[in-house]
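Given next are the chains, with one letter for each unit.
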Amino acid sequence: MNKSLMNAKDAELIVKSSVLKRRRKDKRLKFYGRSTIFIALSFLVFLFYSIFEKGIPGFFQYYVTLDVNLDQKRLDPKGDLSHESLYNGDGRGLVLEALYKVIKPKGRKEKKSAKKIISSNADVRIAKMILNDPSILGKTIPITFAVDDDIDSFLRGYIKRDTPESDRRINDKVINFVDILVKENKVIYKFSDYILTGSASRSPEIAGIKGALIGSILTLVVCFFLSFPLGVATAVYLEGFAPKNKITEIIEININNLAAVPSVVFGILGLAIFIGVFGMPRSIPLIGGMVLAIMTLPTIIISSRAAISAVPPSIKDAAYGVGASKLQTLMHHVIPLAIPGMLTGTIIGMARALGETAPLLMIGMVAFIVDIPNSIQEPATVLPVQIFMWADFAERMFINKTSSATIILLVFLILMNAIAVFLRNKLERRW
Amino acid sequence: MTLIYLILILLFISLCWFYLGNNSAKIIKTKSGRLHSLAHYYGLYVLLYSFLPSFFVFIIISVFDDLLFSFLINDYIPDNIKIEPDYNKTIILAQIQNLIDGINFGNPSDWIILASEKMQEWFKISTISNYCFSILVAIIGGYLGFKNIDQDFRSRNSVEKIVIFLLALSSVIAILTTIGIIFSVIFESLRFFAIIPASEFLFGLTWNPQFEGAERAGSGQEGLASYGSVPLFVGTLLISFIAICIAVPVGLYSAIYLSEYSSKKERSFFKPLLEILAGIPTVVYGFFAALTVAPMLRSGGSLLGLDVASESALAAGFVMGIMIIPFVSSLSDDVINAVPQSLRDAGYALGSTKNEVILKVILPAALPGIIGSIILAVSRAIGETMIVVMAAGLAANLSFNPLDAVTTVTAQIVTILVGDQEFESAKTLSAFALALTLIVITLILNFYALYIVKKYREQYE
Amino acid sequence: MEMNEDKKDFKTNTVGDIFSDNPKIVSRNVSVYYNDKKAISDVSLDIGSKEIISLIGPSGCGKSTFLRCFNRMNDTIDGCKVEGKIFLDNENIYDEMIDVVPLRAKVGMVFQKPNPFPKSIYDNVAYGPRIHGLVDNKKDMDNIVEMSLKNAGLWDEVKDRLDSPGTGLSGGQQQRLCIARAIAVSPEIILMDEPCSALDPIATAKIEELLQTLANDYSIVIVTHSMQQAARVSQRTAYFHLGELVEVGYTKHIFTNPTDIKTQNYITGRIG
């Protein structure tokens, strides 16, 4: 009966003869798998490296220390120390005089090119110092000023001395002056005053992310207060009360599909409905938060439902057993146990919302906004949009600042995800 | 800002009603010795009766007064302005609003000043009536609820009914969102197709949108703007294809390694690391693509004698590929793990090596699920926006060459709709038509992928 | 000679005759650990050529674990460690030099739940010969598939639909397909891990009938929780209890006149 099957001994010989080759194939597949993981991770490392390599220097910048004579009359023409009077004062002139004392330019032409060295923001800096401490008026004190971004780039070596003068953004005279400043030990390299506390500006040396960061926080707050209650309520309804019928089914399919809609579409929704139909103003965190809330809602609903359904039925049965109603059972027993899971999903959703750019572009949060927003109804921009805008600017220093802003964004994201992981690991009970 | 105080007032009134309801229920209990529900349910019942209707009134008034006023303001706009060719009500409303806010550009015409004064007056009326009405409703509503309290009243059941109704209401938001998306996109698209025939949009080979003004300025020629979306879809597919070419092999092999070869420790180390790739914001990828990858490809290309555009499809596709690696790898990993152990056992018991079990047993069994995960990744790539906006550029070239600059559907939507736009022009409307096709494509892909994955799960459950 | 020394060097508490006149597999002092938990300890047992031996015992007694030692399927479980020696044709299969691929080709296995691949019936049977490269042309492959299915008693039921999926067969047919798949690679031993527990009585009867014919060509080790089945199909029976081999002997003897008190209790239904 067994005749037509191969003899066991012959089969054994065939198998043994090929086994080495097959083992080699096995090793090869394992090697491929390992290499692809290595490749994927090296992309990650490369990405982080290229951002940090440019971003860390972005947190620092060059300053010049000058002994400025804080002449009361020129700084405070009205003499009442009011904002208006101080901002009309001739701070810039005094700073330039202090500069000329060090570099000693000859003639008007040289003076004109020397003006370029100090950031245009110098007078604002002096005005602020005086507002803080009016007693310094009339004294001569050393003050540090940010240098102009071209000088900064030169000091960092991005603008090279041996490039022909006509191809350089700064001419030989200015380089000469900078050399004098360096020789006199007036130039220092330190942590930037502006990157964290400045707001949007066209001059890279004084541009910072404060406005965008506050815009991001306001937007996220709106997003959270809309999406968390709505998402949890929807999840509770669908898990606890919804009858199994066509309508519920449609709602569920709907939620799954919304999770797959490209984010840019939510921007279109915001533009057409909130701005187009309801006539709400553009660029405000309120609308940004609403759009992001709609975008985050499916994530929160899906993870909250998972958290609720993970609570074992025995706990519900115990509550029903002592005569609690359905709502009481959910409110007193199920939801408290499901909260860590819900929060985890919410934080992950919020982290995604924090990094989202495209829908906010559509509702106008891309506007160039210098003022730091105070409420959800004032025009604002957000961190990722700020990155997007800065990435478009040509100045060398903006590349560093963009990378620094990216680092800050990534730090926030990592923080949020770490909290989510912590919640999942520490608070979530396993049954 | 004053509206926030109103909400606080409404909350305060309803809290007072809670206190009253709670107390009167307690009194009934001490008097008659029995009460259907716990006392605080009576308080809650009165609170809900007071707050919900007043809040509803508040929302209605504060949302719809703007709409009403912008309609009423029509009477104050002179007829000769209305018939002007570039008449745009949005701009006029903005001018009026600016005047109210005290922002002044130049000298506004008299009728604008008049309109804005009228508008301010109306706003005052609306705010006052908002206060009056909603506070009145809060008090009356609370009183009506309060009257219902007696010892046999089933307050707990009523409160639960209201709460469940509110929960159900919130689940409708998801539906409303979808309806909102579909309507906003379909209506504007229909207006677009009334100007530009659908056949031109779907099959035209040139994409060159222009504002009406620019069209007219272009020496009076008709048809200067053209809305053939084929180059955009070709660009989208080209970039997605490049992304998939990177993400699928890397993601799939990683998934195979993680699920079949790696030790538990290795897996718990590598898997989260890979998932970081999915958590990085797309704008960061876009910046990385434009700043680092594109110049690298360009200089690399010139070494090989290739002319790589500074905004090439390759750079965008490459970075997008990196971004979607984790989508392919985690979904494939799930799918591979869902293949029952018994099939692996059968393979090993017949003397298969690991790679034979993987290639000849697991992958064929997991294939539908893997295809599903790839389709989801494709739909993700098609809808991705920031990377292409920043790295792929806006030149609508009809090209299959990955070294050329191309543009995509999403990039065009963003460029057209960012900034001020006239809602009436074909250019603006074309973005909605693009969005409509984008939604249709991604939804079909998503439906199909979920269907496949579901079918596949059922097979092994 | 050294090999035979190894085989004699063991201790056993087992009641009855663990030896076989013509042994195919010789196991000596086999212990298996899952992480630090000892699953079976010091089991020594011979399995004869072309005999059917059944392993019985209450659930969790280690009979399946012992069975999975013979083709080293325990290797696939994390944290599983095997001590002791198992000789297959005088070769210690736990020797470092042994590759599991030819070993498993030689020792086929059929599982508790039928587990056909989600492929066609033909491809299910052809899978083994294909990966091992046993034949190199379609005609020989057809032949192997046909003979394997015939030997598994399935040919007449499926010969017209070899291209339809194996998962579409009934449970009993699927299990016979798995047997056909195992014998297609020409093994010498077939391990069966409760092969009928998921089947109805009629399908079970068919498999039991098949076992008798298969015993002409193969040594068969069958784990079963059904004492009746053990009594019906096997020549010898080994009784396991709490990871130890308590008693082994001719089936008739074990079921009519067990020596050990634990075996008696199990046979009479007092434990189980």
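Because the structure is a prediction, the values reported are computed rather than measured. (Residues numbered from 1 in each chain as written. Chains lettered and ligands numbered in written order. Predicted model: local features only at pLDDT ≥ 70, side-chain atom pairs only at ≥ 80, totals over all residues. Heavy atoms only, no water.)

(A) Layout of the overall build of chain A. On a plain count of helices and strands, chain A comes out with 18 helices and three strands. Relative to the globule expectation of 22 Å for 431 residues, the C-alpha radius of gyration of chain A, 32 Å, shows a markedly less compact shape. Once local pairs closer than 6 in sequence are excluded, the contacts in chain A between residues at least 24 apart make up 75%. Within the structure as shown, chain A displays about 19800 Å² of accessible surface, and the carbon and sulfur contribution to it stands at 61%. If you average the places of the 53 positive and of the 36 negative side-chain charges in chain A, the two averages end up 10 Å apart. (Helix = DSSP H or I, 4+ residues; strand = E, 2+ residues; numbered from the N terminus. Rg over C-alpha atoms; globule rule 2.2 N^0.38 Å. Contact = heavy atoms within 4.5 Å. Areas by Shrake-Rupley, 256 points an atom, 1.4 Å probe, with all protein chains shown as cover. Lys, Arg positive; Asp, Glu negative; His and termini not counted. Charge placed at Lys NZ, Arg CZ, Asp CG, Glu CD.)

(B) Here's a closer look at the overall build of chain B. Counting its secondary structure elements, chain B contains 17 helices and two strands. For 461 residues, the compact-globule formula gives about 23 Å, and the C-alpha radius of gyration of chain B, at 31 Å, lies well above that figure. Judged by the C-alpha coordinates and their principal axes, chain B covers about 85 × 75 × 40 Å. Summarising the internal contacts of chain B: among those between residues at least 6 apart in sequence, 76% fall at separations of at least 24. Accessible surface, chain B as shown: approximately 21700 Å² in total, 67% of it carbon and sulfur. Across chain B, 27 positive and 34 negative side-chain charges occur, with their mean positions spaced 17 Å apart.

(C) The arrangement of the side chain of Gln386(A) in detail. Residue placement: Gln386(A) occurs in helix 17 (residues 383–392). On the basis of relative accessible area, Gln386(A) is assigned to the buried category, the value being 2%. (Buried < 20%, exposed > 50% of the residue type's maximum accessible area, 1.4 Å probe, protein only.)

(D) The packing of aromatic side chains, seen in detail. According to the stated counting rule, one finds 31 aromatic pairs over all chains in the structure shown. Three or more aromatic residues joined by ring pairs make a cluster, and in this case those are Phe59(A), Phe60(A), Tyr62(A), Tyr189(A) and Phe191(A). Stacked on the ring of Tyr63(A), the Lys or Arg Lys190(A) has its end atom at 4.5 Å from the ring centre. Its end group placed over the ring of Phe117(C), Arg181(C) keeps NZ or CZ at 4.5 Å from the ring centre. (Phe/Tyr/Trp six-rings, centres within 6.5 Å; stacked < 30°, edge-to-face > 60°. Lys NZ or Arg CZ within 6 Å of the ring centre and 35° of its normal.)

(E) Structural detail: the pairing of strand 2 (residues 140–146) of chain A. Residue and element names in this part refer to chain A. Counting buried residues in strand 2 gives five out of seven residues, a clear majority hidden from the surface. Where strand 1 (residues 60–69) lies against strand 2, seven bridges are found, and the strand directions are antiparallel. Paired with Val64 across the strands is Phe145, a residue of strand 2. (Pairing = 2+ DSSP bridges.)

(F) Here's a closer look at the sheet that holds strand 1 (residues 15–16) of chain C. All names here are of chain C. Reading across the sheet, the seven strands line up as 1-11-10-4-9-8-7 and stay open at both edges, with mixed pairing between neighbours. The open sheet has two edge strands, strand 1 and strand 7 (107–110), and neither has a second partner. Bridge count between strand 1 and strand 11 (residues 244–250): two bridges; the pairing is parallel. Along strand 11, the bridge assignment pairs Val15 with Glu247.

(G) Layout of the domain arrangement of chain B. Considered domain by domain, chain B is made up of domain 1 (2–153) and domain 2 (226–459). Here the C-alpha centroids of domain 1 of chain B and domain 2 of chain B sit 48 Å apart. (Domains from an automatic or database assignment.)

(H) Quick peek at helix 8 (residues 172–183) of chain A. Residues and elements named next belong to chain A. Here helix 8 contains 12 residues, and its C-alpha end-to-end distance of 16 Å stays within 8% of the 16 Å for a straight helix at 1.5 Å per residue. Among the residues of helix 8, Val174, Ile175, Phe177, Val178 and Leu181 are the ones counted as buried. Buried residues of helix 8 fall within an arc of 160° about the axis and therefore sit on the same side. Looking one or two residues beyond helix 8, the residue adopting positive phi is Asn185, at roughly 65°. (Expected span 1.5 Å × (residues − 1). Arc of directions from axis to C-beta.)

(I) Region of the structure containing the pattern of salt bridges. One pass over the structure, following the stated rule, counts 37 salt bridges over all chains. In this structure, Asp90(A) and Arg74(A) form a salt bridge, with 2.9 Å as the shortest nitrogen-oxygen distance. On the criterion of sequence distance, the pair formed by Asp90(A) in the loop between helix 3 (83–88) and helix 4 (91–103) and Arg74(A) in helix 2 (residues 72–75) is long-range, its members being 16 residues apart. Taking the relative accessible area as the measure of exposure, Asp90(A) reaches 32% and is therefore partly exposed. With a closest N to O distance of 3.0 Å, Asp75(C) and Arg72(C) form a salt bridge. Owing to a relative accessible area of 38%, Asp75(C) belongs among the partly exposed residues under this scheme. Several salt bridges share partner residues, and in doing so they unite Lys9(A), Glu12(A), Lys16(A), Lys24(C), Asp89(C), Lys106(C) and Glu188(C) into one network. (Salt bridge = Lys/Arg side-chain N within 4 Å of Asp/Glu carboxyl O.)

(J) Examining the interface of chain A and chain C more closely. With 17 residues of chain A in contact, the opposing surface of chain C contributes 26 residues. Our count for the chain A to chain C interface comes out at four salt bridges. As a salt-bridge pair, Lys9(A) and Glu188(C) come within 3.3 Å of each other at their nearest N and O atoms. Here chain A is connected to chain C by five residue pairs in polar contact (both at pLDDT 80 or more). (Polar contact = N/O pair within 3.5 Å; in protein donor to acceptor, adjacent residues only side chain to side chain.)

(K) Molecular detail of a nonpolar patch on the surface. Together, Val172(B), Leu176(B), Ile179(B), Ile182(B), Phe183(B), Ile186(B), Phe187(B) and Leu190(B) line one region of the surface with nonpolar side chains, adding up to about 720 Å² of accessible area. Residue placement: Ile182(B) occurs in helix 6 (residues 155–195). (Patch = residues over 30% accessible without salt bridge, like charges linked within 9 Å, V, L, I, M, F, W, Y side chains within 5 Å.)

(L) Seen up close, the packing of helix 12 (residues 263–277) of chain A against helix 13 (residues 285–310) of chain A. All names here are of chain A. The interhelical angle for the contact between helix 12 and helix 13, taken along N-to-C directions, is 130°, at an axis separation of 9 Å. Judged on the interaxial angle alone, helix 13 and helix 12 are oblique. Both helix 12 and helix 13 take part in a crossing whose hand is right-handed. Of the residues in helix 13, those in contact with Ser263, Phe266, Gly267, Leu269, Gly270, Phe274 and Ile275 of helix 12 are Ile287, Met290, Val291, Ile294 and Met295. For the contact of helix 12 with helix 13, the residue count by class is nine nonpolar, three polar and no charged. (Axes fitted to C-alpha atoms, helices over the stretch in contact; angles between N-to-C directions. Parallel < 35°, antiparallel > 145°, perpendicular 65-115°, else oblique. Left-handed = near helix turned anticlockwise from the far one by under 90°. Nonpolar A, V, L, I, M, F, W, Y, C, P; charged D, E, K, R; others polar.)

(M) Focus on helix 7 (residues 171–183) of chain C. All names here are of chain C. Here helix 7 contains 13 residues, and its C-alpha end-to-end distance of 19 Å stays within 8% of the 18 Å for a straight helix at 1.5 Å per residue. With 12 of 13 residues buried, helix 7 is to be regarded as a mostly interior element. By the burial criterion, the buried members of helix 7 are Gly172, Gln173, Gln174, Gln175, Arg176, Leu177, Cys178, Ile179, Ala180, Arg181, Ala182 and Ile183.

(N) Summary view of the interface of chain B and chain A. Taken together, the contact between chain B and chain A spans 77 residues of the former and 72 residues of the latter. The contact between chain B and chain A buries some 6600 Å² in all, and 78% of this surface belongs to carbon and sulfur atoms. For chain B, the biggest contributors to the area lost against chain A are Leu167(B), Tyr257(B) and Phe287(B); these three give 9% of the whole. Remark: the boundary between chain B and chain A carries two salt bridges. With its nearest N and O atoms 3.8 Å apart, the salt bridge here joins Arg34(A) to Glu266(B). (Buried area = accessible area lost by both parts, 1.4 Å probe.)

(O) Summary view of the domain arrangement of chain A. All names here are of chain A. What the domain assignment reports for chain A is domain 1 (60–191) and domain 2 (210–427). Here the C-alpha centroids of domain 1 and domain 2 sit 45 Å apart. The partner domain 2 presents five residues to the five residues of domain 1 that form the contact. Taken over both partners, the interface formed by domain 1 and domain 2 buries close to 510 Å², and the fraction arising from carbon and sulfur atoms is 55%. It is Gln61, Asp149 and Tyr158 that lose the most area in domain 1 upon contact with domain 2, and together they represent 66% of the buried surface on that side. Where domain 1 meets domain 2, there are zero salt bridges. Between the two partners, domain 1 and domain 2, sit zero residue pairs in polar contact (both at pLDDT 80 or more). Here the side of domain 1 that touches domain 2 takes three residues from helix 7 (residues 149–156), the largest share from any one element. When grouped by side-chain class, the residues that make up the side of domain 1 that touches domain 2 number one nonpolar, two polar and two charged.

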